[in-house]
Amino acid sequence: MSSELTPAQQRALLFSPLSFFRGHEIEIANAVLDDLTKSKNNGSLQCFGDEIRLWFKKLEWDTNYFHCPTYRLDFVEWDDHVEHPELPIAETLLSLQAELNQRHQNYYLFSEAPSEDTVLLQAFGLAGMRLIETRLTYFHDQLKSIEIEKSYPVRVATEADIHHLRSVAMQARNDFDRFHADPFFSTETADEFIAEYVEQCVKGLTDVVLVPAVDSAPPGAFVCGSAGVDILGEVSVGRLVLVAVSEPRRGCYRWLNQSLMLWMREQGMSCIVNTTQSTNRAVIHVCETLGYQYGRSTHLFANHQKIIS
């Protein structure tokens, strides 16, 4: 199927979080290109460069939260006549970094690159971008036919749970996620961000937050999920967005994952995707034993002017 794609479609496919779905390659690639075109036309994406074009976006929420101009590099393209584009991409990236240095006293620039895009990965290295996280995406596309060995009691989290869930998020620190692995963020800043994120999930950022409901004790764990993140033909996709388990609830990640799978099926989803760090062997093991399949791998890179606390 990939041989039927144009060069532009082939690169666009790599950047889709659903690039692993077979039989939908053209649909997925065109969706990425359409989104890029819309973002370019409405001005939400900025372009830097001529023969090499860096398409990036200023993230207003992140900028306001961290009190630092935050930019995400979403896509890189170049003219057909450019040979061995690694070096000119790196030179353009360095020019963009110099431009951001002039604009701001401090800034943060990051990008997520698919592991297949060796041209971009090499260019990031040449431009001094730092590797901060490697992600693996797993998916389960047979939710309609899964059989759960045992159903455990869960409930939907309420705003009354927020204070406790914030504490769970900070206690169950993942030293390998982007915010904790990147020295740009202090540990306290990263902890507070994850706590804020789960609070916003309970308030509606995601469709559901499930917690254990086995006794009168505080939940001690949670899983956040969103349904309908994409539709590919007859495949409706949901996403496990965030999960944390405190020490007293150690071992219940499998239980929460299964509960979210059942909830997704109840919402009409036929597929769930779950992204974790390549270092998270425990999560990877649970996913594989639950019938998830490997989907894709990406690398996160960042550049900044100075560390924030």
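Preceding this paragraph is the structure being described.
Residues numbered from 1 in each chain as written. Predicted model: local features only at pLDDT ≥ 70, side-chain atom pairs only at ≥ 80, totals over all residues. Heavy atoms only, no water.

Quick notes on the overall build of the protein
Summing up its helical and strand segments, the protein has 10 helices and 11 strands in all. Taking 2.2 N^0.38 as the reference for a compact globule, 309 residues should give roughly 19 Å; the C-alpha atoms of the protein span a radius of gyration of 20 Å, in line with that estimate. Residues counted as buried form 51% of the 309 residues belonging to the protein. Summarising the internal contacts of the protein: among those between residues at least 6 apart in sequence, 71% fall at separations of at least 24. (Helix = DSSP H or I, 4+ residues; strand = E, 2+ residues; numbered from the N terminus. Rg over C-alpha atoms; globule rule 2.2 N^0.38 Å. Buried < 20%, exposed > 50% of the residue type's maximum accessible area, 1.4 Å probe, protein only. Contact = heavy atoms within 4.5 Å.)

Some details on the sheet that holds strand E7 (residues 208–212)
Whenever strands of a sheet pair, they do so through backbone hydrogen bonds, lying parallel or antiparallel. Judged by pairing direction, the sheet is mixed, and its 11 strands sit side by side in the order E1-E2-E3-E4-E11-E5-E10-E9-E8-E7-E6 without closing on themselves. The outermost strands of the open sheet, each flanked by one partner alone, are strand E1 (46–48) and strand E6 (154–156). Across the sheet, the axes of successive neighbouring strands diverge by a mean angle of 30 degrees, strand direction being ignored. Looking at chain direction, strand E8 (residues 221–232) and strand E9 (residues 235–245) are connected through 9 bridges and run antiparallel. Of the residues in E9, the one forming a bridge with Ser 226 is Arg 239. Its contacts with the sheet put helix H6 (residues 162–171) on E7, E8 and E9, and the angle it makes with E8 is roughly 90 degrees. (Pairing = 2+ DSSP bridges. Axes fitted to C-alpha atoms, helices over the stretch in contact; angles between N-to-C directions.)

Topic: helix H5 (residues 118–126)
When H5 is considered as a whole, its buried residues turn out to be Val 119, Leu 120, Leu 121, Ala 123 and Phe 124. Looking at the buried side of H5, the elements it contacts are strand E3 (70–78), helix H4 (86–103), strand E4 (108–114) and strand E11 (293–304). Where H5 terminates, the next one or two residues include Gly 128, which has phi positive at roughly 80 degrees.

Section: the packing of helix H9 (residues 253–266) against helix H10 (residues 281–289)
Direction vectors running N to C along H9 and H10 enclose 50 degrees, while the axes themselves pass 10 Å from each other. Comparing their axes, H10 and H9 come out oblique. Taken as a pair, H9 and H10 cross one another with a handedness that is right-handed. Residues Tyr 253, Arg 254 and Asn 257 of H9 form the contact with H10, whose participating residues are Val 283, Val 286, Cys 287 and Thr 289. (Parallel < 35°, antiparallel > 145°, perpendicular 65-115°, else oblique. Left-handed = near helix turned anticlockwise from the far one by under 90°.)

Observations regarding a negative patch on the surface
On the surface, Glu 27, Asp 34, Asp 35 and Asp 230 cluster together into a patch of negative charge. For the negative patch, the element with the highest residue contribution is helix H2 (residues 25–42), accounting for 3 residues. Of note, Glu 27 is situated in helix H2. Given the relative accessible area of 37%, Glu 27 is considered partly exposed. (Patch = residues over 30% accessible without salt bridge, like charges linked within 9 Å, V, L, I, M, F, W, Y side chains within 5 Å. Areas by Shrake-Rupley, 256 points an atom, 1.4 Å probe, with all protein chains shown as cover. Salt bridge = Lys/Arg side-chain N within 4 Å of Asp/Glu carboxyl O. Lys, Arg positive; Asp, Glu negative; His and termini not counted. Charge placed at Lys NZ, Arg CZ, Asp CG, Glu CD.)

Here we look at the pairing of E4
Counting buried residues in E4 gives 6 out of 7 residues, a clear majority hidden from the surface. Considered for its hand, the β-α-β crossover made up of E3, H4 and E4 is right-handed. Note that E4 and E11 share 7 bridges and pair antiparallel. For Ala 113, the partnering residue across the bridge sits in E11 and is His 299. (Right-handed = clockwise from strand over helix to strand, strands pointing away.)

Let's talk about the pairing of strand E2 (residues 52–58)
The buried count for E2 comes to 5 of 7 residues, which makes it a mostly enclosed element. In this sheet, E2 lies alongside E1 in antiparallel orientation, the contact comprising 3 bridges. Its bridge partner lying in E2, Cys 47 is registered against Trp 55. Where E2 meets E3, 7 bridges bridge the pair, whose relative direction is antiparallel. Bridging from a neighbouring strand, Ile 52 pairs with Trp 78 of E3.

By themselves these figures say nothing about function.
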